[in-house]
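Chains, contacts and geometry: an overview
What follows is the residue order along each chain.
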Amino acid sequence: MIAESRSYASAFECVDPPLRVHKVSSSPLIIYIQNFLTLNERAHLQRVSEPKFRRSVVASHEGAQRSDIRTSQSTDVPRDVVTRCIQQRALRFQGFDVLEEQLEPLQLVKYGQGERYDFHTDWLADPQYSTSFNGGNRMTSFFVYVHVSNDTTGGGTNFPLVAPPKDERWCGLVECDQPYANGLTFRPVEGNAIFWENLTPSGLGDPRTEHAGLPVITGTKIGMNIWTRQAPVSEEVRRQDVPLDF
Ligand SMILES: O=C(O)CCC(=O)C(=O)O
Ligand SMILES: [Fe+2]
């Protein structure tokens, strides 16, 4: 077993898949990324996380709590050579000025039938969650579709305050047949990612980035959050690397 994981570790090569990127919105900045994760990376993320999923929590005045607005299961993903590779990709995507230390641990979120994450912003309005210990506020978000079962219906990611793009080439990736007033809904497409900036240039939370993980009607969806803070996150939050283990 040990020998096997060692050979996997030495065989693992961190290579970017050929990303295809499309701008969705300039303000707030939203970019759609096709092929953000390889098949092996998707399998690895699920394998290391499967035994660790727990009911998701949301930030509240009384600390992190379970809530009816977020009924999924989630877990942090330990930092190993594979997750590090994904994190480096997320950093390069943001240019060369963002430091590795600004990344929160990767977070996986799993939704079964009927589960959802109601409207929220990823930037944190309560200052107790954006202290310098936490690296300030969440500057950017990637939401990546890690697994979408063949029978999945529902489970899109909706931005009610953003206008959907018009060209019909988007229709495989976003909902084209919903009322315009409902804003923009991304379809869950495995391997693809949505990237956006949470803060305005002055560093305040941008209310237009409000979004929801719509209820999964049938099937299962697993997503991943990659959150970048404004400044380095304390070691206590980031924790140590772990050896490749599965
Ligand atoms: O499930 C989704 O589509 C979005 C999830 C989300 O916004 C979050 O976990 O912060
Ligand atoms: Fe979110």
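Residues numbered from 1 in each chain as written. Chains lettered and ligands numbered in written order. Predicted model: local features only at pLDDT ≥ 70, side-chain atom pairs only at ≥ 80, totals over all residues. Heavy atoms only, no water.

Around ligand 1, 13 residues are found, and the nearest of them are Tyr 111, Thr 157, His 211, Lys 221 and Asn 225. His 120 has a polar side-chain atom sitting 3.1 Å from an oxygen atom of ligand 1. Here Lys 221 contributes a side-chain N or O atom positioned 2.8 Å from an oxygen atom of ligand 1. Considered on its own, ligand 1 offers 290 Å² of accessible surface; in the complex 99% of this is hidden by protein. Contributions of two or more residues to the shell around ligand 1 are made by β8 (117-120), β14 (211-213) and β16 (221-229). (Near = heavy atom within 4 Å. Polar contact = N/O pair within 3.5 Å; in protein donor to acceptor, adjacent residues only side chain to side chain. Areas by Shrake-Rupley, 256 points an atom, 1.4 Å probe, with all protein chains shown as cover. Helix = DSSP H or I, 4+ residues; strand = E, 2+ residues; numbered from the N terminus.)

What follows concerns the pattern of salt bridges. Across all of its chains, the model carries 14 salt bridges by this definition. Across the pair Arg 89 and Asp 16 runs a salt bridge, and its minimum N-O distance is 2.7 Å. Highlighted residues: Arg 89 in helix α3 (residues 81-93) and Asp 16 in the loop between α1 (2-11) and β1 (20-26), separated in sequence by 73 residues. On the basis of relative accessible area, Arg 89 is assigned to the buried category, the value being 2%. Judged by its relative accessible area of 34%, Asp 16 falls in the partly exposed class. In this structure, Arg 239 engages Asp 76 in a salt bridge whose closest nitrogen and oxygen atoms are separated by 3.2 Å. Taken together, the positions of Arg 239 in the segment after α4 (235-238) and Asp 76 in strand β6 (residues 73-76) put the pair 163 residues apart, joining distant regions of the chain. A relative accessible area of 42% means that Arg 239 is categorised as partly exposed. Put simply, Asp 16, Glu 41, Arg 89 and Arg 92 are held in one network by salt bridges that share partners. (Salt bridge = Lys/Arg side-chain N within 4 Å of Asp/Glu carboxyl O. Buried < 20%, exposed > 50% of the residue type's maximum accessible area, 1.4 Å probe, protein only.)

Moving on: the coordination of the iron ion (ligand 2). The iron ion (ligand 2) binds to the protein through His 120 (NE2), Asp 122 (OD) and His 211 (NE2); the donor distances cover 2.1 to 2.2 Å. Sequence positions of the donors to the iron ion (ligand 2) reduce to the motif H-x1-D-x88-H. Of this pair, His 120 sits in strand β8 while His 211 is found in strand β14, placing the two residues 91 residues apart along the sequence. Take His 120: its relative accessible area is 12%, and that puts it in the buried class. (Donors = N, O, S within 2.8 Å, 3.2 Å for Na, K, Ca; no water.)

Glancing now at the UniProt feature "domain: Fe2OG dioxygenase" (unreviewed entry) in the chain. Feature annotation in UniProt places "domain: Fe2OG dioxygenase" (unreviewed entry) on residues 102-230, given in this structure's numbering. Along residues 102-230 one finds 0% helix and 37% strand; the C-alpha atoms at either end are 7 Å apart. (UniProt positions renumbered as here; feature names shortened; annotations may be inferred.)

The next thing to look at is the sheet that holds β6. If you walk across this open sheet you meet the eight strands as β1-β2-β13-β9-β16-β7-β6-β3, and the pairing is antiparallel. Edge positions in the open sheet fall to β1 and β3 (54-55), since each of these has one partner strand only. One ladder, built from six bridges, connects β1 with strand β2 (residues 29-34); its direction is antiparallel. In the strand pairing of β2, Ser 25 is matched with Ile 30. Contacts from helix α2 (residues 39-49) reach β6, β7 (107-111), β9 (138-148) and β16, with the element oriented near 90 degrees to β9. Together, β1, β2, β9, β13 (193-197) and β16 form the strand contacts of α3, whose direction differs from that of β16 by roughly 55 degrees. (Pairing = 2+ DSSP bridges. Contact = heavy atoms within 4.5 Å. Axes fitted to C-alpha atoms, helices over the stretch in contact; angles between N-to-C directions.)

Glancing now at the packing of α2 against α3. With their axes 10 Å apart at the nearest point, α2 and α3 run at an angle of 125 degrees to one another. By the angle between their directions, the pair α2 and α3 is classed as oblique. Once α2 is placed against α3, the crossing between them reads as left-handed. Here Glu 41, His 44 and Leu 45 of α2 come into contact with α3, specifically with Val 82, Thr 83, Cys 85, Ile 86 and Arg 89. Of the residues belonging to the contact of α2 with α3, the class tally is four nonpolar, two polar and two charged. (Parallel < 35°, antiparallel > 145°, perpendicular 65-115°, else oblique. Left-handed = near helix turned anticlockwise from the far one by under 90°. Nonpolar A, V, L, I, M, F, W, Y, C, P; charged D, E, K, R; others polar.)

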